[in-house]
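Architecture and fold: a report
The lines below spell out each chain.
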Amino acid sequence: MSLIRACTRRVFAPCPRIWLSALRPAVFSRFNSNNPSLTAQVFPVNKDSITENDLDEWLTAVKALKNGKTNVETESEVYLSTLATPEPFLEQKFEPSEQQLAEVEEFANKGIPLKSDPIVDSLTNMIMRHGKKSKAQKIISKAFYIIYLKTRKDPVQILYETLDKLGPLVTTRTQLTGTAKNKLVPVPLTKKQRNRYAITWILDSSSKKKSPDFSVRLAEEIIAAYEGKSAGYDKKAQMHKTAMSSRANIQL
Amino acid sequence: MLRLARLARAQATASPSTKAFSTTSVTMKKAAPSTPARKTKIAFKVLREQTKTKKPGMTHLEFKDAVGALGFEKMAADLSALELNKLSFEHLAALKAQVTRYDAKVEPKLKTLGSFKKLQHHELFQNPVSLVSENTLRLAQELIAKLDSTASKDNRICLVGPNGVGKSTLLTQAKALALAQHEDVVLLHIDNGVNLVNGSSDYIFNQKSGKYQQPMLTKRWIYKLRQVNEEVFKKMKLTRDISFQSNRVDYNLKKNVNTVYELLLHNHDFGKFAPTSAFAFFVDELVAHSKNFPVLFSIDNFNGITDYSQTKYHHPDFSHIHLSEFEMGDFVLKVTGGALSFAKGGVLLAKTSDFGQHRSTLDVALGIEEYDPYSKKKFLDVEVANTLKQNGSIKPFEVKTWTKDESKELLKFYQDAGVLFVNDYKTKESNQTAKEILEEKAAVRAGKLEQHEFDPVRHFDRIVNNQYTISGGNPAHLLKASAFIF
């Protein structure tokens, strides 16, 4: 179907242009390109109107090709024969403009910018429930707005600093020894894991605040954590203490 | 079942020696203990007070209310370094596309009138600011300039436009310009029209005037007007004598001696839950003085009144009371319809898009929508529409969206004020592995990869283009895109 559609577009498109040429010759200035299309060659725009001879020639060409003529001669035959090989017409080739090429060149050696902040994204994903991401984003936007109003600093920067302060450095994992007593082994955390712990603690503590609006509770908790008042710091200290007590089990 | 029961009863009567099976509580009861139980003292239980654990936090409010109530504007940076111009009528043309502040005298008046509303982001700055747009200039020409010369019935305008286009802000600017243009202008402003009809006030029928009165609503409004127009009211001498009693003190105010301010200060009849003619007297005084003291009557959310003309209040037979049956409602309809005209002054109304679009009374009155005879009375009140159409009809004023230059100017101001952060965009660095980081460093050293250079000017232009495209020049959307940019 797409083939037929493409062919018909190529065949019938020029006809109204020819008829319009009598009325509005100025419109055709756009055809003055260096590489005129096949249609423009077969049906040049300087033709004032379609004569009976043109139509006869067209019908003769159709009949001849239908009867199995292979060596095409007239212009109409050339045009119609191309309908049998529509590949070049169906090919969708993008040709960038000079401006676009210059822009590409400008950014050729530079890093690709991220669409959004990865840490804010991870916070969004942890807040999100039932796949409602935009709802989570709205909560964060409102929370950041309150953080800005309260601190008058860049809220994203404040989140970064808070997570850095609140995130634990080590955790402990139980190593099975096969005997009666298992070992607790301290394990360092990656940046992503540290952030995850910090965000979880912030979200836990924010649920205890009194505002019915989650964005307000979240903002309050982030501000508290930024000022070093969050309950998450106790949890962090406890984790570090456990890790310190079992530091003899570190395997290097 | 019946047969079985009869059988069982017959068996029980026939052989009294055999015990019939029974599940009654008497047979299943435990045998009494041989030793009597120790007597326990009966005492009253002391009920411990269940103390609720207090939850920590700044506020118990929701976001919308919390942002306004927590006084964040006090923490805002001082903008005196930016040297913002005052909004003035004289130099208005020179202030085009500039962010302006309100005059120190005017600002508290506007605050009292409730002109600065929630979610207009006024908490971002110490004092409210506004941008002089093309709309401001147009309104100043069409309404404010005529305040001194035209009767209010010939100077009626209603601001219309899509949600967030700046109708309420324009109303505030108009009031500020009116005060700047004419010292003795009287401002009568209703900040939310719905309050007249939504059943939030008490009401009482005045048999003498044949209208319902809303004492609390009237009292509060009069109190606001007294504060805002104090200087003007002190200049207005009474045109009639009036005597009344308040706080067990008799007052006899004389014409040409006492002032309207004294009337409003001492007369407590406005809020009395009894029929009174105080409000009518006050209106008569305003009309009498309007030759020398122009009156600007403005209502925000005006379609809240007209589109809900069948109010939430009820007659004794539980039918709805019509807007025109209220003293305040009648006053509003008369002034906006031109039946009651101030010799000098104007009427400025603003429509809101918060209500259902199917309610078309105001649109029909303004000629925006055609009259539909098949429309329900609930959605189209023809009487109200016809009242508003009288005396040459109210002129609709289409508030237009901002141009790109105006939007850019606002964002530039935001950047200067420290509200808008023009930061470098994030790259993949934080998610890279150690190997990728090493490879990248090597590439930079070899000259294959350039270090990214941040151009804040170019980045700001990008933000402007982006936000103007998102908002389409709608100020509220632009503010939202700037304030909630993260």
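Refer to the structure presented above.
Here's what I pulled together on the structure shown here. (Residues numbered from 1 in each chain as written. Chains lettered and ligands numbered in written order. Predicted model: local features only at pLDDT ≥ 70, side-chain atom pairs only at ≥ 80, totals over all residues. Heavy atoms only, no water.)

Before going further, it helps to examine unusual backbone geometry. Despite not being glycine, Arg152 of chain A shows a phi value in the positive range, around 60°. Within the fold, Arg152 of chain A resides in the loop between helix H9 (133-151) and helix H10 (155-166). The backbone of His121 of chain B shows a phi angle near 60°, a positive value even though the residue is not glycine. Topologically, His121 of chain B is positioned in the loop between helix H4 (106-112) and strand S3 (129-131). (Helix = DSSP H or I, 4+ residues; strand = E, 2+ residues; numbered from the N terminus.)

Further remarks concern the sheet that holds strand S4 (residues 156-160) of chain B. All names here are of chain B. If you trace the five strands from one edge of the open sheet to the other, you get S5-S10-S13-S4-S14, paired in parallel fashion. Whereas interior strands pair on both sides, the edge strands pair on one side only; in this sheet they are strand S5 (186-190) and strand S14 (395-398). The sheet shows a mean angle of 20° between the axes of neighbouring strands, taken without regard to direction. As judged from the four bridges shared by S4 and strand S13 (residues 345-350), these two strands associate in the parallel manner. From the neighbouring strand, Leu159 faces S13, where its bridge partner is Ala350. Helix-sheet contacts for helix H12 (residues 327-337) involve S4, S5, strand S10 (295-299) and S13, and the interaxial angle to S10 is about 115°. (Pairing = 2+ DSSP bridges. Axes fitted to C-alpha atoms, helices over the stretch in contact; angles between N-to-C directions. Contact = heavy atoms within 4.5 Å.)

Once that is clear, we can look at the packing of helix H8 (residues 118-127) of chain A against helix H11 (residues 191-206) of chain A. Residue and element names in this part refer to chain A. In contact at an axis separation of 11 Å, H8 and H11 are set at 45° when each is read in the N-to-C sense. Classed by the angle they form, the pair H8 and H11 counts as oblique. As H8 runs across H11, the sense of the crossing is right-handed. Of the residues in H11, those touching H8 at Ile119, Ser122, Leu123, Met126 and Ile127 are Asn195, Arg196, Ile199, Thr200 and Leu203. Across the contact of H8 with H11, the residue classes break down as six nonpolar, three polar and one charged. (Parallel < 35°, antiparallel > 145°, perpendicular 65-115°, else oblique. Left-handed = near helix turned anticlockwise from the far one by under 90°. Nonpolar A, V, L, I, M, F, W, Y, C, P; charged D, E, K, R; others polar.)

Turning next to the sheet that holds strand S2 (residues 99-101) of chain B. Residues and elements named next belong to chain B. The sheet built from three strands is open, its strands ordered S1-S2-S3 with mixed pairing. If you trace the sheet from one side to the other, it starts and ends with strand S1 (85-86) and S3, each paired once. Alignment of S2 against S3, held across three bridges, turns out to be antiparallel. Within the sheet, the bridge partner assigned to Thr100 lies in S3 and is Ser130.

A few words on empty space enclosed by the protein. Residues and elements named next belong to chain B. All chains considered together, the criterion is met by five cavities of 30 Å³ or more. Roughly 70 Å³ of internal volume is contained in the largest cavity. At the level of elements, helix H7 (215-228) and helix H10 (278-289) are the ones that each hand at least two residues to the lining of the largest cavity. (1 Å grid on protein atoms, 1.4 Å probe; cavity = no way out; pocket = protein on both sides within 12 Å on 5 of 7 lines; lining within 4 Å. Points joined across faces, edges and corners; volume = space filled by probe spheres on them.)

With that out of the way, let us pick up the interface of chain A and chain B. Listed by partner, the interface residues are 33 residues for chain A and 36 residues for chain B. When the two sides are added together, the surface that chain A and chain B hide from each other amounts to roughly 3,300 Å², 62% of it contributed by carbon and sulfur. Our count for the chain A to chain B interface comes out at zero salt bridges. Taken together, the links from chain A to chain B amount to twelve residue pairs in polar contact (both at pLDDT 80 or more). Where the side of chain A that touches chain B is concerned, the elements lending two or more residues are H9, H10 and helix H12 (214-226) of chain A. Considering each element in turn, the side of chain A that touches chain B owes the most residues, eight residues, to H9 of chain A. For the side of chain A that touches chain B, the residue count by class is 15 nonpolar, five polar and 13 charged. (Buried area = accessible area lost by both parts, 1.4 Å probe. Salt bridge = Lys/Arg side-chain N within 4 Å of Asp/Glu carboxyl O. Polar contact = N/O pair within 3.5 Å; in protein donor to acceptor, adjacent residues only side chain to side chain.)

Read these as spatial facts, not as claims about activity.
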